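Chain residues, written in single-letter form:
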Amino acid sequence: MKVLTANRLGDGEVVWYANGAWAETIEAADTVADKAGEERLEAIGAKAAADNLVVDVNLIDVTIVAGIVEPVRLREKIRAAGPTNRNDLGKQARPQTAKAA
Amino acid sequence: MYRYDEFDHDFVKARVAEFSDQVQRRLAGEITEDQFRPLRLMNGVYLQLHAYMLRIAVPYGTLNSRQLRMLGHIARKYDKGYGHFTTRQNIQFNWPALSDIPAILADLASVEMHAIQTSGNCIRNVTADHFAGAAADEVADPRPYAEILRQWSSVHPEFSYLPRKFKIAVTGAERDRAAIQTHDIGLHLKKNAAGELGFAVYVGGGQGRTPMVAKKIRDFLPEADLLSYCTAILRVYNLNGRRDNKYKARIKILVHETGVEEIASQIEAEWEALKDAGLRLPESDIHAIEAYFAPPALTDRPEGDAAVKRDRLDSRSFSEWLDQNVVTHRHPDYAAVTISLKGIGEAPGDATASQMEAVADIAEKYAFDELRVSHEQNLILPHVARADLRVVYDALVEIDLATANSNLISDIIACPGLDYCSLATARSIPVAQEISRRFASLERQREIGELKLKISGCINACGHHHVGHIGILGVEKKGSELYQVTLGGSADENTSVGEIIGPGFSSEEITNAIEQIVETYLGLRLGPSERFIDAYRRVGPAPFKEALYAGEAKAA
């Protein structure tokens, strides 16, 4: 299962594609589970990059844990939460965001 | 220290204007990311895991308090209240918005700083001994030559698109504190029998996935020939360096594949052809630059001796800090102070905005307004009267920067690792923090003695693990972090690359493994004066392998 992620052009904020927009948290990101879905997200990512909304667009592996999207790789967990040595920084510092480790 | 002349001011100002325009056009969608990426990299702007990252040059690690205060201001206003001092004597901010970077660069330019050539395949920030100008053992201050190299290499038209990045380091003492043999060019400023200044020239050092110790190709290059000889080296490299393979593109590979004798003769031939063609450094130019680095007027302060003696008795922690973080100065009434950015359990090299501002105040008041960033990720006050050491220490205690661990096991070099870096394969900072906490007892650290522990979160080796007495390299294996340990590396005048000791350790195991290595060393050393590196060189890896792997299923 995959989701589409990128960094927002203007401030570099990590974002995920969710419900037709770019969300600042991963929980509700659009997941796809087949080739056709991946191609659809890739096309959305390519257009968003071409429209100068986001940069560094990637599909990443995720799983669903208790109804919430979670990245598989540690790298993506850290992007979704923030530095593991500083829980006061990044998305984890905001209310109701899970910590990476 | 060096002050911008009119040319420098205009050049940096023009670059800020140019890059600000490029950022505006990028934000407006007038240029694509592919077009913009090389432009932002030339100005020190990376895209990392969480955000953009701005790397700011601190030329040869030298700062004044106004500049450090400005870095604190940038940390507070545009970032998240802290900055990260790096192994290249630079500082990185981890969270700036692209849209704020023009304003940051304008602020930096107002204190004669910039981020030019902190990325890209060009000649990067020239680094130097952090005790330059203060060390009792140096023949001359290496920074004027580093500054000459900086001026020569800034937007050098021939060397702005090299096969790969290029790093130069300069030391002015026999004891190498600038790790010159791990650089593309390493320069050792020395005097010949006639008392003239010149350089021993090393080429082809580097770390990364293929660590190499630089080879000496010249024992004595007269100082006037510095630029012509470096030009010859760069020209041979630029022409023959491997542009076909990024991983083989550094000069170390060219030196290795060509052979040191052959490459040296190519460089000499190139040099013969250009050495009289206008790059000779006139003595007047050298003196003009040297004047910028004229030492502060160090008035005699003989009362320091008695004051230090008295205060040692008064405070054990002050006494320990003196032993560990204060080194001899060329003037007997003064000392050079290491401000450890390695508080127990802290992220190596990080400093908060308030700490930067407070250190700037201390430097202004007690250290002739001079500061250094060391490649070991600490700050240095190069000139402090011994009579003022106690008041400096007390001020550092106030801001939690008085940890007395310079050169001890908790004085760890660590790259940002997977907590920040998009290239990293494993985390570095949390490993450093855990090891630091495990060895928190200063008494125990002092019992262990000098021990350089260095951690990288990927094979690019920004954390210098290859040249750590103990090196740790984090990799990703089957989706988990795995830490490989190397022993016997060193980055001084006896530079060596560490050897992998055996199979790696998980993040849960690595601190225990390090402790076991340390205990093994304590058990076999000939005495407290035999440092870890000396003991390792005497006994080799066998006892450490035995301690780590004997009886384990994963023993090699």
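This section reports on the structure supplied with the text. (Residues numbered from 1 in each chain as written. Chains lettered and ligands numbered in written order. Predicted model: local features only at pLDDT ≥ 70, side-chain atom pairs only at ≥ 80, totals over all residues. Heavy atoms only, no water.)

1. Structural notes on the overall build of chain A
Alright, step 1. Looking only at helices and strands, chain A features two helices and five strands.
Alright, step 2. Walking chain A from its N terminus toward its C terminus, one meets helices and strands in the order β-β-β-α-β-β-α.
Alright, step 3. Taking 101 residues into account, the globule formula puts the C-alpha radius of gyration at 13 Å, and chain A, at 13 Å, falls close to it.
Alright, step 4. Taken along the three principal axes of its C-alpha coordinates, chain A extends 35 × 30 × 20 Å. (Helix = DSSP H or I, 4+ residues; strand = E, 2+ residues; numbered from the N terminus. Rg over C-alpha atoms; globule rule 2.2 N^0.38 Å.)

2. Description of the overall build of chain B
Alright, step 1. A tally of helices and strands in chain B yields 18 helices and 21 strands.
Alright, step 2. Taking 24 Å as the expected radius of gyration for a compact globule of 556 residues, we find that chain B reaches 23 Å, a close match to that expectation.
Alright, step 3. If you line up chain B on its principal axes, its C-alpha atoms span 60 × 60 × 60 Å.
Alright, step 4. Expressed as a percentage of its 556 residues, the buried residues of chain B come to 62%. (Buried < 20%, exposed > 50% of the residue type's maximum accessible area, 1.4 Å probe, protein only.)

3. Some points on helix H10 (residues 304-314) of chain B
Residues and elements named next belong to chain B.
Alright, step 1. Turning to H10, its buried residues are Gly-304, Ala-307, Val-308 and Asp-311. When H10 is viewed along its axis, its buried side chains cluster within an angular range of 95 degrees and face the same direction. The exposed set on the far side of H10, more than 90 degrees from its buried face, consists of Lys-309, Arg-310 and Leu-313. (Arc of directions from axis to C-beta.)

4. As for the side chain of Glu-370 of chain B
Residues and elements named next belong to chain B.
Alright, step 1. Looking at the secondary structure, you find Glu-370 in strand S14 (residues 370-373).
Alright, step 2. Of the polar contacts made by the side chain of Glu-370, one reaches the side chain of Arg-372; its length is 2.7 Å.
Alright, step 3. Leaving out residues up to four positions away in the same chain, Glu-370 has contacts with Leu-63, Arg-143, Pro-296, Ala-363, Ile-380, Leu-381, Pro-382 and His-383. (Polar contact = N/O pair within 3.5 Å; in protein donor to acceptor, adjacent residues only side chain to side chain. Contact = heavy atoms within 4.5 Å.)

5. Overview of the interface of chain B and chain A
Alright, step 1. Counting residues at the interface gives 29 residues for chain B, matched by 24 residues for chain A.
Alright, step 2. Where chain B abuts chain A, roughly 2,000 Å² becomes buried across the two surfaces, and 56% of that area is made up of carbon and sulfur atoms.
Alright, step 3. For the interface between chain B and chain A, the tally reads one salt bridge.
Alright, step 4. Salt-bridge contacts for Arg-73 of chain A lead to Glu-476 of chain B; the nearest nitrogen and oxygen are separated by 2.9 Å.
Alright, step 5. The interface formed by chain B and chain A holds nine residue pairs in polar contact (both at pLDDT 80 or more) in total.
Alright, step 6. Looking at the side of chain B that touches chain A, the elements that each hand over two or more residues are helix H1 (6-27) and helix H14 (429-438) of chain B.
Alright, step 7. If you tally residues by element for the side of chain B that touches chain A, the top one is H14 of chain B, at three residues. (Buried area = accessible area lost by both parts, 1.4 Å probe. Salt bridge = Lys/Arg side-chain N within 4 Å of Asp/Glu carboxyl O.)

6. With respect to helix H17 (residues 532-539) of chain B
Residues and elements named next belong to chain B.
Alright, step 1. Three or more residues of H17 are buried, namely Phe-532, Ile-533, Ala-535 and Tyr-536. Mapping the buried residues of H17 onto a view down its axis gives an arc of 160 degrees, with all of them on the same face.
Alright, step 2. Looking at the buried positions of H17, the neighbouring elements they touch are strand S18 (470-477), strand S19 (480-487), strand S20 (499-500), helix H16 (510-524) and helix H18 (542-549).
Alright, step 3. Immediately downstream of H17, the backbone of Gly-540 shows phi near 75 degrees, a positive value.

7. Focus: the packing of helix H6 (residues 226-240) of chain B against helix H8 (residues 260-274) of chain B
Any two packed helices are characterised by how steeply their axes cross, that is the angle between the axes, and by the distance between the axes.
Residues and elements named next belong to chain B.
Alright, step 1. Where H6 contacts H8, the two axes come as close as 8 Å, and the packing angle between them is 120 degrees. By the angle between their directions, the pair H6 and H8 is classed as oblique. Once H6 is placed against H8, the crossing between them reads as right-handed. The segment H6 lies against H8, with Ser-228, Tyr-229, Thr-231, Ala-232, Ile-233, Arg-235, Val-236 and Asn-240 engaging Ile-263, Gln-266, Ile-267, Glu-268, Glu-270, Trp-271 and Leu-274. (Axes fitted to C-alpha atoms, helices over the stretch in contact; angles between N-to-C directions. Parallel < 35°, antiparallel > 145°, perpendicular 65-115°, else oblique. Left-handed = near helix turned anticlockwise from the far one by under 90°.)

8. Examining the pairing of S19 of chain B
Residues and elements named next belong to chain B.
Alright, step 1. Buried residues dominate S19, accounting for six of its eight residues.
Alright, step 2. Relative to S19, S18 is paired through eight bridges, and the arrangement is antiparallel. Counterpart to Val-475 in the pairing with S19 is Leu-482.
Alright, step 3. Linkage of S18 to S19, two consecutive antiparallel strands, is achieved through a turn of two residues, within which Lys-478 is found at a positive phi near 50 degrees.
Alright, step 4. Bridge analysis of S19 against strand S21 (residues 505-506) gives two bridges, and the strand direction is antiparallel. Bridged to Tyr-483 within S21 is Phe-505.
Alright, step 5. Here S19 pairs with S20 via two bridges, running antiparallel. (Pairing = 2+ DSSP bridges.)

9. Some words on the pattern of salt bridges
Pairs can form between side chains of opposite charge whenever their charged atoms are close.
Alright, step 1. Overall, the coordinates contain 58 salt bridges over all chains when judged by the stated rule.
Alright, step 2. The shortest N-O distance in the salt bridge between Glu-272 of chain B and Lys-275 of chain B comes to 3.7 Å.
Alright, step 3. With a relative accessible area of 21%, Lys-275 of chain B lands in the partly exposed category.
Alright, step 4. Ionic pairing is found between Asp-323 of chain B and Arg-446 of chain B, a salt bridge with its closest N-O pair at 3.2 Å. Taken together, the positions of Asp-323 of chain B in helix H11 (residues 316-325) and Arg-446 of chain B in helix H15 (residues 442-448) put the pair 123 residues apart, joining distant regions of the chain.
Alright, step 5. Exposure remark for Asp-323 of chain B: the relative accessible area of 40% places this residue in the partly exposed category.
Alright, step 6. What you see here is one network of salt bridges that share partners, running through Arg-8, Asp-11, Glu-13, Glu-24, Lys-91 and Arg-94 of chain A.

10. Side note on unusual backbone geometry
Most peptide bonds adopt trans geometry, and most residues besides glycine take a negative phi value.
Residue and element names in this part refer to chain B.
Alright, step 1. Phi angles above zero are rare outside glycine, and Val-155 is one such case at about 40 degrees.
Alright, step 2. Of the residues examined, Val-155 reaches a relative accessible area of 37% and is grouped as partly exposed.
Alright, step 3. Its identity as a non-glycine residue notwithstanding, Gln-377 has a phi of 70 degrees, on the positive side.
Alright, step 4. Of note, Gln-377 is situated in the loop between S14 and strand S15 (379-385).

11. Focus: the packing of aromatic side chains
All names here are of chain B.
Alright, step 1. The final tally for this structure, using the stated rule, is 18 aromatic pairs over all chains.
Alright, step 2. Ring geometry for Tyr-334 against Phe-368: centres 6.0 Å apart, planes inclined by 50 degrees, an arrangement best described as tilted. Of this pair, Tyr-334 sits in strand S12 (residues 334-339) while Phe-368 sits in the loop between helix H12 (353-366) and S14; the two residues are 34 residues apart in sequence, bridging distant segments of the chain.
Alright, step 3. Taking relative accessible area as the criterion, Phe-368 reaches 34% and is therefore assigned partly exposed.
Alright, step 4. Put simply, the rings of Tyr-521, Phe-532, Tyr-536 and Phe-544 touch in pairs and so form one group of aromatic residues.
Alright, step 5. In this structure, Lys-80 packs its charged tip against the face of Trp-95, placed 5.1 Å from the ring centre. (Phe/Tyr/Trp six-rings, centres within 6.5 Å; stacked < 30°, edge-to-face > 60°. Lys NZ or Arg CZ within 6 Å of the ring centre and 35° of its normal.)

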